[in-house]
Amino acid sequence: MTLTDQHRPAPSPRSGAFLEVRDLRVHFPTDDGLVKSVDGLSFGVDRGKTLGIVGESGSGKSVTSMSIMGLHKPGTANISGEILLDGKDLLSCSREEVRRMRGKRMAMIFQDPLSAMHPYYTVGNQIIEAYKIHNDVSTKQARAHAIEMLDRVGIPEPHRRVDAYPHQYSGGMRQRAMIAMALSCDPDLLIADEPTTALDVTVQAQILDLIRDLQKEFNSAVIIITHDLGVVAELADDILVMYAGRAVEYGTAEHIFNEPEHPYTWGLLGSMPRFDRDRSERLVPIKGTPPSLINVPPGCPFHPRCRFEKNTDGLSQRERPELIDNGQGHLVACHMPQSQRQQIWRDEIQPLL
Amino acid sequence: MVAYIIRRLIAAAALLVLVSIITFSIFYLVPRWAGATPETLATRYVGRTATAQTVHVTAERLGFYDPFYVQYGNWAKTVVLGGKFDMGAEKVDCPAPCLGYSFITRQAVWPDLLDRAPVTFSLAIGAAVIWVVLGVGIGVLSALRRGSFFDRASMTLALAGVSMPIFWTGLIGLTFFAYKWKIFVPGGTYTPFLTNPFEWAHDLLLPWITLALLFSAQYARLTRAGMLETMNEDYVRTARAKGLRERNVVVKHGLRGALTPILTIFGLDFGLLIGGAVLTERVFSLNGLGKYAIDGITNNDLPKVLGVTLLAALFVIVANLIVDLLYAVVDPRVRTK
């Protein structure tokens, strides 16, 4: 990557949103080289809206969420760009300022609720702790609030369950308790990092419903991070598709599902089971593996795995495609001309899904 | 939970019986395998000038002609019920728990042990407080500043601490702190805690530090390893995501999770130590259980050695039992299983 490329501002599509991330770069210096986990990412979410961030493992989804929460260990990551929460840049705040905002203004739900809750403390204890950090209340009041929160997320007998330990909960209940903990301080921004990956399929739907209902109630901005397009199909207003630390496609959920233009998004859609269509022969996996973030392929990072790479006359091997608005607020980073992408989608991809 | 405790108590009792059989076997069977006869065994108790007749009578009186299980049975019976020892001229009463009777010092073992236990207890408790505070503290700081100068320096020191034997650190400590700078007494004195707590601490401070140095090194390394693991756990990330202060994240979430293996090893160490800190007591001439054991060994006084060994085994078993029960307090997942 050249210097000019480094400093070229990435497009920032939704200016003035409640959470606005501008040209975020998170690089980790390691013994093997510089890991560019996130490399020029911009997006925005409004209150009451949901953004889905989709991508394979190692595409930089979780690193992005950890950067927003300020959870990277000091000194391990080089973070640049801007993360504006309600106009305030989190990256220029002190650690103490960010800590005070954590849990209160922005909260997070993690992937595996069993390991994400402390095994030695009761569920109630952990919610009380979260509530008391940001609210000057007595333990008794906090406990009442914890019971209320457990009730709100649909835990039966919250008076009794508040004193149970995480291992005494079922997987779905644990995730509900995690959500209760995250929402206990009424955060403005909720980040759910793979909230349903560790759960049964039947429980997944319940948890997603719960997140949707609570979002309406709390009117918070929600970011759902997942590798499963099915999850965001239910919930997201906007979808950001990440590949190798960058956005390759970003648009409304309708655009991404109905007229996706990036070959990687096509691959994700092809590898997702769908119940609203006739069953095709088999799911089509995306060939190859995600690239190393130390040696990102030159040009378009997806080109070694792209079926349509030959359509660009080698351009995709030389030059990284910019994320460009196709005129409808739908951003795509692909060298193929828009008309060609739309034609491939209509003629070759859509009929097979 | 009650059933669990009862089960553990029964297991502990069974273990104690097993240990007593093994210990008894070592002291009463091994000499025979090495070629000793009842007569040569009895010789120890009557002196070299005794006639063959006296030796034979003594051997008979001490039960050396009986088969092993009878000897063990008689011994176990005196432990539980007490017994009388026939000294020829006089009969000595040894009330339960009679852990044996030294024919050399002509004293029952149990009262001797009771006399000396407070010294060893005092030594162990003081040292344990120092090594837990020091070891866990250094371990936590090292883990949090992994790779820093403090971390590398303290872990190097810890390695040195583990490697240095008590008799060396003890003697060096004595040379400088007791004889050269006269900060501490050179050992050999013990003031009971209840008589004068300050004197008690002052007398024992040098042995405490010597003993704690060895253990805190191990605990520092153990704590560091545990903390490095727990601080990477998901629940620590959750605690940070709540906005908890880093200090509370470390203590309430990180250290709490790392405590279980430390508790385990502490139970073993402490149990072993109150059964006699052999080297420390020897170096500092403290009249504790460890020194009693050494005296028994050097004088070939088997009842003493057997008594201390059994008492030490009892301490280790009890300490482990307490640790097992504490697990349920520390880790709620143990409670419900």
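Residues numbered from 1 in each chain as written. Chains lettered and ligands numbered in written order. Predicted model: local features only at pLDDT ≥ 70, side-chain atom pairs only at ≥ 80, totals over all residues.

(A) Molecular detail of the overall build of chain B. A tally of helices and strands in chain B yields 15 helices and four strands. Reported as C-alpha extents along the three principal axes, the dimensions of chain B are approximately 85 × 55 × 40 Å. Out of the 337 residues in chain B, the part that is buried amounts to 37%. Partitioning the contacts of chain B with sequence separation of at least 6, the portion at a separation of at least 24 is 64%. (Helix = DSSP H or I, 4+ residues; strand = E, 2+ residues; numbered from the N terminus. Buried ≥ 20, exposed ≤ 12 C-beta atoms within 10 Å, placed from the backbone. Contact = placed C-beta atoms within 7 Å.)

(B) A look at the overall build of chain A. Helix and strand counts for chain A come out as 14 helices and twelve strands. Rg of the C-alpha trace for chain A: 21 Å, near the compact-globule value of 20 Å for 353 residues, within the 12% margin. Put simply, chain A has 353 residues, and 48% of those count as buried. At a minimum sequence separation of 6, the contacts of chain A that also span at least 24 residues come to 65%. (Rg over C-alpha atoms; globule rule 2.2 N^0.38 Å.)

(C) Here's a closer look at the interface of chain B and chain A. At the junction of the two partners, chain B supplies 17 residues and chain A supplies 24 residues. Contributing elements (two or more residues each) for the side of chain B that touches chain A: α10 (234-241), α11 (246-274) and α15 (332-336) of chain B.

(D) Representation of the domain arrangement of chain B in the model. Residue and element names in this part refer to chain B. Each assigned domain of chain B is listed here: domain 1 (2-108) and domain 2 (110-336). The centre of domain 1, based on its C-alpha atoms, is set 34 Å off from the matching centre of domain 2. With 19 residues of domain 1 at the contact, the number on the domain 2 side is 21 residues. Going through the elements one at a time, α1 (2-28), β3 (101-102) and β4 (107-108) are the ones with two or more residues in the side of domain 1 that touches domain 2. Per-element tally for the side of domain 1 that touches domain 2: the top contributor is α1, with nine residues. When the residues that make up the side of domain 1 that touches domain 2 are grouped by side-chain class, the tally is twelve nonpolar, five polar and two charged. (Domains from an automatic or database assignment. Nonpolar A, V, L, I, M, F, W, Y, C, P; charged D, E, K, R; others polar.)

(E) Representation of the sheet that holds strand β4 (residues 78-85) of chain A within the structure. Residue and element names in this part refer to chain A. One open sheet holds the four strands; their spatial order is β2-β1-β4-β5, and the pairing between them is antiparallel. This sheet does not close on itself; its edge strands, each paired only once, are β2 (33-45) and β5 (88-89). With seven bridges joining them, strand β1 (residues 19-30) and β4 adopt antiparallel strand pairing. Considered in β4, the bridge of R22 is made with E82. (Pairing = 2+ DSSP bridges.)

(F) Representation of unusual backbone geometry in the model. Residue and element names in this part refer to chain A. With phi around 50°, D23 is a residue other than glycine that occupies positive phi space. Position of D23 among the secondary structure elements: in strand β1. Residue D23 is classed as partly exposed on the basis of its 17 C-beta neighbours within 10 Å. Located in the positive-phi region is D313, a residue other than glycine, with phi close to 55°. Tracing the backbone shows D313 in the loop between α12 (263-270) and α13 (315-318).

(G) Focus on the packing of helix α13 (residues 289-298) of chain B against helix α14 (residues 302-330) of chain B. Residues and elements named next belong to chain B. Axis separation between α13 and α14 bottoms out at 8 Å; the angle between their running directions is 145°. Classified by chirality, the crossing of α14 by α13 is left-handed. Along its contact with α13, which presents L289, Y292, A293, D295, G296 and I297, the element α14 presents K304, V305, V308 and L311. Of the residues in the contact of α13 with α14, the class split is seven nonpolar, one polar and two charged. (Axes fitted to C-alpha atoms, helices over the stretch in contact; angles between N-to-C directions. Left-handed = near helix turned anticlockwise from the far one by under 90°.)

(H) Spatial organisation of helix α9 (residues 197-230) of chain B. Its 34 residues give α9(B) an end-to-end C-alpha distance of only 39 Å, which falls more than 12% under 50 Å, the value for a rise of 1.5 Å per residue. Along α9(B), the sharpest kink reaches roughly 50°, centred on L205(B) and followed within four residues by the proline P207(B). (Expected span 1.5 Å × (residues − 1). Bend = angle between axes of the 7 residues up to and from the residue.)

(I) A look at the sheet that holds strand β3 (residues 50-54) of chain A. Residues and elements named next belong to chain A. In space, the eight strands of this open sheet follow the order β6-β7-β8-β3-β9-β10-β12-β11, with mixed pairing throughout. The open sheet has two free edges, formed respectively by β6 (106-109) and β11 (324-325), since each of these has just one partner strand. Both strand β10 (residues 246-252) and strand β12 (residues 331-332) contribute to a ladder of two bridges, which runs antiparallel. Bridged to E249 within β12 is V332. Helix α8 (residues 171-183) rests against β6 and β7 (189-193) of the sheet, and its axis sits at about 170° to β6.

(J) View of the domain arrangement of chain A. All names here are of chain A. When the domains of chain A are assigned, the result is domain 1 (3-105 + 187-352) and domain 2 (110-186). Centre-to-centre, using C-alpha coordinates, domain 1 lies 30 Å away from domain 2. Residue-level contacts link 18 residues of domain 1 with 17 residues of domain 2. Listing elements by their share of the side of domain 1 that touches domain 2, those giving two or more residues are β7 and α9 (201-218). Among the elements that make up the side of domain 1 that touches domain 2, the one with the highest residue count is α9 (seven residues). Across the side of domain 1 that touches domain 2, the residue classes break down as eleven nonpolar, three polar and four charged.

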